[in-house]
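# Structural overview
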Amino acid sequence: MDKIFLYFFTASFALAGLGALISITFFILPRKSLLSILKYILFTAFFTYSASLILRTILCRHAPMTGFFESLFFFGWSICFMCFIAYLRFRETFFLPFTFPVLFLLTLKAYFAPWKIKPLFPALKTIWFELHVSTSFLAYGVFLIGFGGGISYLLKGVSRYSDILPERDKIDLITYRSAVWGFFLFSFAMVTGGVWAYLAWCNYFIWTPKEIWSILLWMFYAFYLHARLLSEWSGKRCAWLGILGFIVTMFTYLGVSLLMKSSHTL
């Protein structure tokens, strides 16, 4: 079983690297054919990541969401899953050149991280932990699509990309929908995280750096949606918010965990 998991995860790593390489090529020589290739790489990577996820779950006998390796791995699967869903919903691939490099970097870091399965800490033996972590990473995956949408909106004004990328109205719509669904998922993650914290530490909020930055991330996207709906922001301003939002997301996920002490330290 260990060897089968290794084969599937290595295949996922190779596909993420191939996708990142084609994404870089797309920025240098933009072609619609490259977006089509990325689509098929995404389908294959989603299969290999999902197979790896199932095998890892069987091996460790719990959802693979604990420790540095499993955290990076599950984040990678979440990106594949949300990109797959986004493609089925919108039939667009313009965001893939921006998601594959992130997927590759996460998988690269995971590939060289310790893979050893450790006993599950008692505080993590609850469905609330699994709901909290899974919805958090799914939200991060959707925010990454919004990041790709924001950059695509800005690139639409560059002549060599204008004929390849869809119309700005559609890019803007997908970027906005990504923020809406990401905000919904992350709000659910905040609620389930509070319940888990209460069960584990008898307190809904213990003021760790990760929790504080999670609140800031939630407030950022609340501002984004408020500006969009009530102040009628759109276009470049929302594109920049989509880009900045994912930067805040990555700092909340990795920056806080690596630079500050917290109960969420990876």
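Provided above is the structure to which this section pertains.
This section reports on the structure supplied with the text. No experiment lies behind these values; they were computed from the predicted model shown.

What follows covers the packing of aromatic side chains. Under the defined criterion, the tally for this structure stands at 43 aromatic pairs. When the centroid spacing of 5.9 Å and the interplanar angle of 15° are considered together, the rings of Phe9 and Tyr111 count as stacked. You can see Phe9 sitting in helix α1 (residues 2–28) and its partner Tyr111 sitting in helix α4 (residues 96–111), a full 102 residues away along the chain. Relative accessible area serves as the criterion here: at 0%, Phe9 is assigned to the buried category. Here Tyr111 falls in the partly exposed class, since its relative accessible area comes to 24%. Ring plane angle 5° and centroid distance 6.0 Å describe the contact between Phe69 and Phe73, whose orientation is recorded as stacked.

Now for empty space enclosed by the protein. Scanning the entire structure with this criterion turns up one cavity of 30 Å³ or more. Each pocket or cavity is described by its volume, and for the largest cavity that value is around 30 Å³. Together, Leu42, Ile79, Cys80, Cys83, Leu96, Thr99, Phe100 and Leu103 line the largest cavity. At the level of elements, α3 (67–90) and α4 are the ones that each hand at least two residues to the lining of the largest cavity. For the lining of the largest cavity, the element with the most residues is α4, which contributes four residues. When the residues that make up the lining of the largest cavity are grouped by side-chain class, the tally is seven nonpolar, one polar and no charged.

This part takes up the packing of α1 against helix α2 (residues 32–60). At a minimum axis distance of 8 Å, the contact between α1 and α2 shows a crossing angle of 155°. The orientation of α1 relative to α2 falls into the category roughly antiparallel. Here α1 and α2 pass one another in a crossing that is left-handed. Residue composition of the contact of α1 with α2, grouped by class: 21 nonpolar, seven polar and two charged.

Once that is clear, we can look at the layout of surface pockets. Its boundaries defined by the atoms lining it, the second largest pocket holds a volume of some 330 Å³. Lining the second largest pocket are 14 residues; nearest its centre among them are Thr66, Gly67, Phe68, Lys116 and Lys118. Here the residues of the lining of the second largest pocket sort into eight nonpolar, two polar and four charged.

Right, let's talk about the side chain of Thr175 for a bit. In this structure, Thr175 sits in helix α7 (residues 168–201). Excluding residues within four positions of it along the chain, Thr175 makes contact with Gly146, Gly149, Gly150 and Tyr224.

Within this structure, the stated rule accounts for three salt bridges. Note that Lys170 is salt-bridged to Glu92, the shortest N-O span being 3.1 Å. With Lys170 in helix α7 and Glu92 in the loop between α3 and α4, this pair connects stretches of sequence that are 78 residues apart. For Glu92, a relative accessible area of 16% puts it in the buried group. Across the pair Arg228 and Asp172 runs a salt bridge, and its minimum N-O distance is 2.9 Å. Placement of the pair is Arg228 in helix α8 (residues 209–229) and Asp172 in helix α7, with a sequence separation of 56 residues. The buried category is assigned to Arg228, whose relative accessible area is 17%. Asp172 sits in the buried class, given a relative accessible area of 11%.

Definitions and limits used
Residues numbered from 1 in each chain as written. Predicted model: local features only at pLDDT ≥ 70, side-chain atom pairs only at ≥ 80, totals over all residues. Heavy atoms only, no water. Phe/Tyr/Trp six-rings, centres within 6.5 Å; stacked < 30°, edge-to-face > 60°. Helix = DSSP H or I, 4+ residues; strand = E, 2+ residues; numbered from the N terminus. Buried < 20%, exposed > 50% of the residue type's maximum accessible area, 1.4 Å probe, protein only. 1 Å grid on protein atoms, 1.4 Å probe; cavity = no way out; pocket = protein on both sides within 12 Å on 5 of 7 lines; lining within 4 Å. Points joined across faces, edges and corners; volume = space filled by probe spheres on them. Nonpolar A, V, L, I, M, F, W, Y, C, P; charged D, E, K, R; others polar. Axes fitted to C-alpha atoms, helices over the stretch in contact; angles between N-to-C directions. Parallel < 35°, antiparallel > 145°, perpendicular 65-115°, else oblique. Left-handed = near helix turned anticlockwise from the far one by under 90°. Contact = heavy atoms within 4.5 Å. Salt bridge = Lys/Arg side-chain N within 4 Å of Asp/Glu carboxyl O.

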